[in-house]
Amino acid sequence: MNVHDSQQMAQILSDAGYVKTDEAGRADIIIVNTCSVRGKAAQKAYSQLGRLRKLKKKKPGLVIGVAGCLAQEHGTEFFKRAPYLDLVLGTHNIHRFPEMIEEINNTKSRVVDTSFHESVRSLGIRTLPPDGDVSAYVTIMQGCNNFCSYCIVPYVRGREESRTSGDIIDEIRFLADNGISEVTLLGQNVNSYGSTLSGDADFPALLRMVSKINGINRIRFTTSHPKDLSGGLADCFADLDNLCEHIHLPVQAGSNHVLKRMKRGYTAEEYLKKIDMLKSRCPDISITSDIIVGFPGEKDSDFQKTIDLMKEVRFDNTFSFKYSDRRGTASEKYDGKIEEEVKRARLCELQALQESHSLEKNRSLEEVVKDVLIEGVSKNNDADITGRTRDNKIVNIAGDIGLTGKTVKARITRAYTHSLRGEMI
Ligand code: 5AD
Ligand code: SF4
């Protein structure tokens, strides 16, 4: 989501006549787009800003701004922490970028806007991804009404708001006309898409509309909330040829006691039933998840239930995190905070288990022929090209960069934990 927000900011600035540079030393404006969902992400943003202070000393006219969730959370407080900042831009105000920069240049004073609006103007900004990308993000909704007890998102992104299906379809047609063949539909909880619109499509209906757009060969979406995952969505996996066989379905924990305190709205048993439903409609579906360890009050026996659930589902991959207190959330005030050392040990155990599951899944693909959408040259070896299977596995293949954007057939020759090696056929 943040990558797409950054692309939108770049689009707004380039529409206003600014030109992109990869060299920080040449820039007149530098914006750090931040995430505050976990303590570590926030820490990263602060160190990035610290590095920019030196540039500002060398070039006093440089405008330095901070945008995104951390900017929304801290507002003017940011100026105390980083006095060299010129701009603090909240999550609902990206569209005001050019006028705010003009204000800074004209008045030589600092500017901040963290106001919330009922309707987020930047939702409708059409953004083409950087040149050469074959895949684009499309925001279908923003904000969140769920208020999971650990999560800061509803506070920094505001209430849920869906875009109309007409707007979304128009944008995807525009992307397809510009050579994009894969779209990822974005929202904090795409399964509740449409609940703020009257009489428009729900999420399965939206997927069915998107699947009819000429030129769109692959559709992905993220993120799904298990409590709102319907049979109608599971049917889409069986019915729509261009819907990729992958779902990211964050479970967060395997213990009902913890899930209840997290205010997730489902039990482990209900989650497992939804997994069964998905697998019954789409037997080869790849399932990934997010898991938090060390939530306040999580006992060893609770953690064991997360491990048991992982052994039952056998996720293709998981993103796992140590719980961190976020300001203003309900769980910040919960008792039973877990010691860092215990969180670290739990995370280590969980990640080792996941690595064995990921490798096991990838090994089952050896000798299988897969369609791979080539994304470009491999990060690890210039002689290789890299792409993704429909079930979202990275495949490295010896091949020509000219194949970028094309879908090739590759036989999987070797499985690793986080990627596959393939041979073009
Ligand atoms: N501590 C740790 N992990 C968190 N996440 C969200 N809030 C927190 C927190 N306070 C994780 C969840 C979510 C992912 C985006 O970040 O697993 O799905
Ligand atoms: Fe946060 Fe829960 Fe909303 Fe996801 S569904 S963004 S975890 S509050």
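Some thoughts on the sheet that holds strand E11 (residues 286–293)
Then comes step 1: Pairing within the open sheet is parallel, and its three strands lie in the order E10-E11-E12. The open sheet has two edge strands with one neighbour each: strand E10 (246–248) and strand E12 (317–322). On average, adjacent strands in this sheet sit at an angle of 10° to one another, irrespective of strand direction.
Then comes step 2: Inspection of the sheet shows E11 paired to E12 by six bridges, in the parallel sense. Counted as the bridge partner of Ile292 is Phe321 from E12.

Comments concerning the sheet that holds strand E16 (residues 407–415)
Then comes step 1: The five strands are arranged E13-E14-E15-E17-E16 in a closed barrel whose pairing can be described as mixed. On average, each strand axis in the sheet is tilted by 50° relative to the strand beside it, whichever way the strands run.

Describing the domain arrangement of the protein
Then comes step 1: What the domain assignment lists for the protein is domain 1 (2–113), domain 2 (121–363) and domain 3 (369–424).
Then comes step 2: Computed over C-alpha atoms, the centres of domain 1 and domain 3 are 36 Å apart.

So, a positive patch on the surface
Then comes step 1: A contiguous patch of positive charge on the surface is contributed by Arg51, Arg53, Lys54 and Lys57.
Then comes step 2: By secondary structure assignment, the location of Lys57 is in helix H2 (residues 39–58).

Describing the site of ligand 1
Then comes step 1: Every residue lining ligand 1 is accounted for by Val37, Arg38, Tyr150, Gln252, Asp290, Ile292, Phe321, Lys322, Tyr323, Ser324 and Arg326.
Then comes step 2: In the environment of ligand 1, a nitrogen atom lies 3.4 Å from a nitrogen or oxygen atom belonging to the backbone of Val37.
Then comes step 3: Tyr150 is positioned such that a nitrogen or oxygen atom in its backbone is 3.1 Å from a nitrogen atom of ligand 1.
Then comes step 4: When ligand 1 is considered free in solution it has 410 Å² of accessible area, and contact with the protein chains removes 88% of it.
Then comes step 5: Counting residues per element, the ones that place at least two in the shell around ligand 1 are E11 and E12.

Topic: the packing of helix H1 (residues 2–15) against helix H5 (residues 97–107)
Then comes step 1: The interhelical angle for the contact between H1 and H5, taken along N-to-C directions, is 65°, at an axis separation of 9 Å. For the pair H1 and H5, the contacting residues are Met9, Ile12 and Leu13 in the first and Phe97, Pro98 and Ile101 in the second.
Then comes step 2: Within the contact of H1 with H5, the residues separate by chemical class into six nonpolar, no polar and no charged.

Some points on the layout of surface pockets
Then comes step 1: Looking at the second largest pocket, its volume works out to about 1,200 Å³.
Then comes step 2: In this structure, the second largest pocket is lined by 36 residues; those nearest its centre are Ala10, Lys20, Thr21, Ile29 and Ile31.
Then comes step 3: Elements supplying a minimum of two residues to the lining of the second largest pocket: H1, strand E1 (29–34) and H2.
Then comes step 4: Counting residues per element, the lining of the second largest pocket draws most heavily on H1, at nine residues.
Then comes step 5: When its residues are assigned to classes, the lining of the second largest pocket shows 20 nonpolar, 10 polar and six charged.
Then comes step 6: The residue makeup of the lining of the second largest pocket includes at least three contributed by each of domain 1 (2–113) and domain 2 (121–363).

A look at the environment of Phe147
Then comes step 1: Looking at the secondary structure, you find Phe147 in the loop between strand E6 (141–142) and helix H6 (153–157).
Then comes step 2: Along the chain, Phe147 and Lys263 lie 116 residues apart, while their C-alpha atoms are 7.6 Å from each other.
Then comes step 3: Those residues in contact with Phe147 that sit more than four places away from it in its chain are Pro154, Tyr155, Arg159 and Lys263.

Concerning the site of ligand 2
Then comes step 1: In the region of ligand 2, the neighbouring residues are Cys144, Asn146, Phe147, Cys148, Tyr150, Cys151, Val153, Pro154, Gln188, His225 and Arg264.
Then comes step 2: Classifying every residue of the shell around ligand 2 by side-chain character gives seven nonpolar, three polar and one charged.

Description of the pattern of salt bridges
When the charged atoms of two side chains with opposite charge come close together, those side chains can pair.
Then comes step 1: Enumeration over the complete set of coordinates arrives at 31 salt bridges.
Then comes step 2: Between Arg173 and Asp170 there is a salt bridge, and its shortest N-O distance comes to 3.9 Å. Of the two residues, Arg173 and Asp170 are both situated in helix H7 (residues 165–177); the distance of three residues between them amounts to about one turn of the helix.
Then comes step 3: By relative accessible area, Arg173 is classed as partly exposed at 44%.
Then comes step 4: The partner of Glu182 in a salt bridge is Arg220, with the nearest N and O atoms 3.3 Å apart. Note that Glu182 is positioned in strand E8 (residues 182–186) and Arg220 in strand E9 (residues 218–222), a separation of 38 residues in sequence. Here Glu182 matches Arg220 in class, with each residue buried.

Remarks on the side chain of Ser289
Then comes step 1: Along the chain, Ser289 turns up in strand E11.
Then comes step 2: Reaching out from Ser289, the side chain makes a polar contact with the backbone nitrogen of Val251 at a distance of 2.9 Å.
Then comes step 3: Discounting chain neighbours no more than four positions away, the residues touching Ser289 are His248, Leu249, Pro250, Val251, Tyr271, Phe315, Asn317, Thr318 and Phe319.

Some points on helix H11 (residues 268–281)
Then comes step 1: Taking 1.5 Å of rise per residue, 14 residues should cover 20 Å, and H11 covers 20 Å from first to last C-alpha, within 8% of that figure.
Then comes step 2: Along H11, the positions that sit buried rather than exposed are Ala268, Tyr271, Leu272, Lys274, Ile275, Met277 and Leu278.

So, how was this worked out
Residues numbered from 1 in each chain as written. Chains lettered and ligands numbered in written order. Predicted model: local features only at pLDDT ≥ 70, side-chain atom pairs only at ≥ 80, totals over all residues. Heavy atoms only, no water. Pairing = 2+ DSSP bridges. Helix = DSSP H or I, 4+ residues; strand = E, 2+ residues; numbered from the N terminus. Axes fitted to C-alpha atoms, helices over the stretch in contact; angles between N-to-C directions. Domains from an automatic or database assignment. Patch = residues over 30% accessible without salt bridge, like charges linked within 9 Å, V, L, I, M, F, W, Y side chains within 5 Å. Areas by Shrake-Rupley, 256 points an atom, 1.4 Å probe, with all protein chains shown as cover. Salt bridge = Lys/Arg side-chain N within 4 Å of Asp/Glu carboxyl O. Lys, Arg positive; Asp, Glu negative; His and termini not counted. Charge placed at Lys NZ, Arg CZ, Asp CG, Glu CD. Near = heavy atom within 4 Å. Polar contact = N/O pair within 3.5 Å; in protein donor to acceptor, adjacent residues only side chain to side chain. Contact = heavy atoms within 4.5 Å. Nonpolar A, V, L, I, M, F, W, Y, C, P; charged D, E, K, R; others polar. 1 Å grid on protein atoms, 1.4 Å probe; cavity = no way out; pocket = protein on both sides within 12 Å on 5 of 7 lines; lining within 4 Å. Points joined across faces, edges and corners; volume = space filled by probe spheres on them. Buried < 20%, exposed > 50% of the residue type's maximum accessible area, 1.4 Å probe, protein only. Expected span 1.5 Å × (residues − 1).

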